[in-house]
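# Survey of secondary and tertiary structure
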Amino acid sequence: MRCSFGDLVIDTDRFLLERGGTSLHVQPQVFDVLSHLVRNRERVVPKTELLDSIWGDRFVSESTLTSRIKAARRVVGDDGISQTVIRTVHGRGYRWVADVEPVAEPGAEPDAGSQPPTVPLPPDPRHLEQRIRFCHASDGVRIAYATVGEGPPLVRAAHWVTHLDYEWESPVWRHWMDGLSRGRTFIRYDERGCGLSDHDPEDVSLEAFVRDLETVVDELELERFPLMGLSQGGSVAMAYAVRHPERVSRLILVGAFVKGRVARATTPDELREAELQGELIRMGWGRDDPSFRLYFSSTFMPDAPPQLWSDFAALMRRTTSAENALRLNNSFVAIDVTDLVGQITVPTLILHGRGDMRIPFSQGREIAARIRGSRLVPLDTRNHLLVAGEPAWEHLLEEIDAFLADDESSRSPREVQILS
């Protein structure tokens, strides 16, 4: 549903809130509150219904809902006194009271007799649209993949904490789509057990992850392409490059590792720390728990603004269940591709934060030492997931663009048809 109220437009299907054609940053749960209320504006929505709709079977206090209502009011220019958009019905719940008008989808033909706007907005030359499709791995698991942009392909191997739909407007990931689709078609997919891919796979091994990558690129009929691996996706990308060197024109590894946290533990304290992470996932994944949010957000993005920590925590909960998150984590921490790394023969670029709080820089150095002819680029950051606006992010984009500029790979007619 796409509709307007006041000077705002809300698109509940694409998770967008816009003012004057510009997207506004809205926390996922706050957007869910707005979306549910506007969809059910003909009636009072009980608090229990909002809690069930947004948090499901996760227990949160009523004060959490109240804080999201306050945030939703701030976003739309309302407040608890005037209540011109969201009205509190004491003892019952909340009701949407602002006038709502339907808005046509961008690019849709206007209805007969409708008048064009007197001052049309200029088109956005960087407006991106993603196309989400599905394919099936050899064991029947459904894998969701998406393409964005136009031009030669760049494939990103799947990794943890992704959701093709929700991350589209997330400040955690949106700049990755913007930056990596400049002049090319950026291809990514949700890992089995995550996002829009099937959430109940029996196999969550490295071998299964590599088969999923094979499935996606075969579905797109990509003959030769550059491949990018971020974090544990780097291990998947390295394994694929060893298995299919004739298809990988360039290999890009960002914050990758040779050994997972358990596999590289050399002391009882390091092993205990790895085990503690699993316990935190088991206990806190589905809860709006500040301590859980602080631990994971501060290790993935220690130098990000606190607001981004909340956005990241909300995205984590959306990606998968606590049970799947734990299964995937247990698989990742045990990964060891030591025997494979030295077999990589394709041109390789390795980018790693000097102070990476999640995957130590020593792992990037280890990869570079084992891949003959590879190039290691240290990034001046402590963030494992680089944040929009930090110098290291622009440095990463510059290095990737330069690395891919002389890529000799070309697309077949079939690739042109699929990626256009």
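Residues numbered from 1 in each chain as written. Predicted model: local features only at pLDDT ≥ 70, side-chain atom pairs only at ≥ 80, totals over all residues. Heavy atoms only, no water.

## Points about the overall build of the protein
Helix and strand counts for the protein stand at 14 helices and 16 strands. For the protein, restricting intrachain contacts to residue pairs at least 6 apart in sequence, the fraction spanning at least 24 positions comes to 69%. Surface summary for the protein: the accessible area is close to 18800 Å², and the carbon and sulfur share equals 51%. (Helix = DSSP H or I, 4+ residues; strand = E, 2+ residues; numbered from the N terminus. Contact = heavy atoms within 4.5 Å. Areas by Shrake-Rupley, 256 points an atom, 1.4 Å probe, with all protein chains shown as cover.)

## Things to note about helix H5 (residues 206-219)
Helix length check: H5 (14 residues) gives 20 Å between terminal C-alpha atoms against 20 Å at 1.5 Å per residue, within 8%. Buried residues dominate H5, accounting for 10 of its 14 residues. Along H5, the residues that are buried comprise Ala208, Phe209, Val210, Arg211, Asp212, Leu213, Glu214, Thr215, Val216 and Val217. Remark: Glu221 follows H5 within two positions and exhibits a positive phi of approximately 55°. (Expected span 1.5 Å × (residues − 1). Buried < 20%, exposed > 50% of the residue type's maximum accessible area, 1.4 Å probe, protein only.)

## A closer look at the sheet that holds strand E7 (residues 93-96)
An order of E5-E7-E6 is seen for the three strands of this open sheet, with the pairing classed as antiparallel. Strands at the two margins of the open sheet, each flanked by one partner only, are strand E5 (45-46) and strand E6 (86-89). Note: E6 against E7, four bridges, orientation antiparallel. Following the sheet pairing, Ile86 is matched in E7 by Trp96. (Pairing = 2+ DSSP bridges.)

## Focus: the pattern of salt bridges
This structure, assessed with the given rule, holds 25 salt bridges. Of the charged contacts in the structure, one is a salt bridge between Glu279 and Arg282, with a shortest N-O distance of 2.9 Å. A residue pair is termed a helical-turn pair when its members lie 3 or 4 positions apart in one helix, as Glu279 and Arg282 do in helix H7 (residues 268-284) at three residues. In this structure Glu279 comes out as partly exposed when scored by relative accessible area, which is 35%. You can call Arg282 partly exposed: its relative accessible area is 46%. Between Asp303 and Arg382 there is a salt bridge, with its nearest N and O atoms 2.7 Å apart. You can see Asp303 sitting in the loop between helix H8 (290-300) and helix H9 (306-319) and its partner Arg382 sitting in the loop between strand E16 (375-379) and helix H13 (391-405), a full 79 residues away along the chain. (Salt bridge = Lys/Arg side-chain N within 4 Å of Asp/Glu carboxyl O.)

## Let's talk about the nonpolar core
Nonpolar side chains in soluble globular proteins tend to be buried together. Counting residues in each nonpolar core, the largest one holds 89 residues, and the members touching the most others are Trp160, Leu227 and Leu251. The residues touching Trp160, leaving out its near neighbours within four places in the chain, are Glu191, Cys194, Gln232, Ile281, Trp285, Phe296, Phe300, Ala325, Leu328, Asn329, Phe332 and Arg358. Judged by nonpolar contacts, the second largest core, of 28 residues, contains Val33, Val38, Leu50 and Leu65. (Core = buried A, V, L, I, M, F, W, Y, C linked by side-chain atoms within 4.5 Å.)

## Quick look at the pairing of E7
As judged from the two bridges shared by E5 and E7, these two strands associate in the antiparallel manner. For Pro46, the partnering residue across the bridge sits in E7 and is Gly93. Connecting E6 to the antiparallel partner E7 that follows it, the hairpin turn spans three residues, and Gly91 within it adopts a positive phi of roughly 85°.

## Comments concerning the confidence of the model for the protein
Chain-level statistics for the protein give a pLDDT mean of 86 and a share of 89% at 70 or above. Contacts for the low-pLDDT stretch residues 110-126, under 50 throughout, to residues beyond four places or in other chains number five contacts. Under a pLDDT of 50 for its full length, residues 408-420 has, in the predicted model, 30 contacts with residues more than four places off or in other chains. (pLDDT = per-residue confidence, 0-100.)

## Digging into the packing of aromatic side chains
All chains considered together, the criterion is met by eight aromatic pairs. Measuring from centroid to centroid gives 6.4 Å for Trp160 and Phe296, while their planes differ by 70°, and the two rings are edge-to-face. A residue pair is termed long-range when its members are at least 10 positions apart, and Trp160 in the loop between strand E11 (153-156) and helix H4 (174-180) and Phe296 in helix H8 qualify at 136 residues. A connected cluster of aromatic rings, assembled from ring pairs, spans Trp160, Phe209, Phe296 and Phe332. A cation over an aromatic ring shows up here: Arg142 above the ring of Phe134, its NZ or CZ 5.4 Å from the ring centre. Taking NZ or CZ as reference, Arg318 lies 3.9 Å from the ring centre of Tyr166, over its face. (Phe/Tyr/Trp six-rings, centres within 6.5 Å; stacked < 30°, edge-to-face > 60°. Lys NZ or Arg CZ within 6 Å of the ring centre and 35° of its normal.)

## Quick look at the sheet that holds strand E4 (residues 22-23)
Strand order in the open sheet formed by five strands is E4-E3-E2-E1-E8, and the pairing between neighbours is antiparallel. Edge positions in the sheet fall to E4 and strand E8 (101-102), since each of these pairs with one other strand and no more. With four bridges connecting them, strand E2 (residues 8-11) and strand E3 (residues 16-19) associate as antiparallel partners. Residue pairing across strands places Asp11 opposite Leu16, the latter belonging to E3. In the packing of helix H1 (residues 28-39) onto the sheet, contacts are made with strand E1 (2-5), E2 and E3, and the angle to E2 comes to roughly 90°. (Axes fitted to C-alpha atoms, helices over the stretch in contact; angles between N-to-C directions.)

## A look at the packing of H1 against helix H2 (residues 47-55)
Relative orientation of the contacting elements H1 and H2 amounts to 125°, with a least axis distance of 10 Å. The angle between H1 and H2 falls in the class oblique. Helix-helix and strand crossings are classified by hand; for H1 and H2 the assignment is right-handed. In this structure, H1 contributes Gln29, Asp32, Val33, His36 and Leu37 to the contact, and H2 contributes Glu49, Leu50, Ser53, Ile54 and Trp55. Of the residues contributing to the contact of H1 with H2, the split by class is five nonpolar, three polar and two charged. (Parallel < 35°, antiparallel > 145°, perpendicular 65-115°, else oblique. Left-handed = near helix turned anticlockwise from the far one by under 90°. Nonpolar A, V, L, I, M, F, W, Y, C, P; charged D, E, K, R; others polar.)

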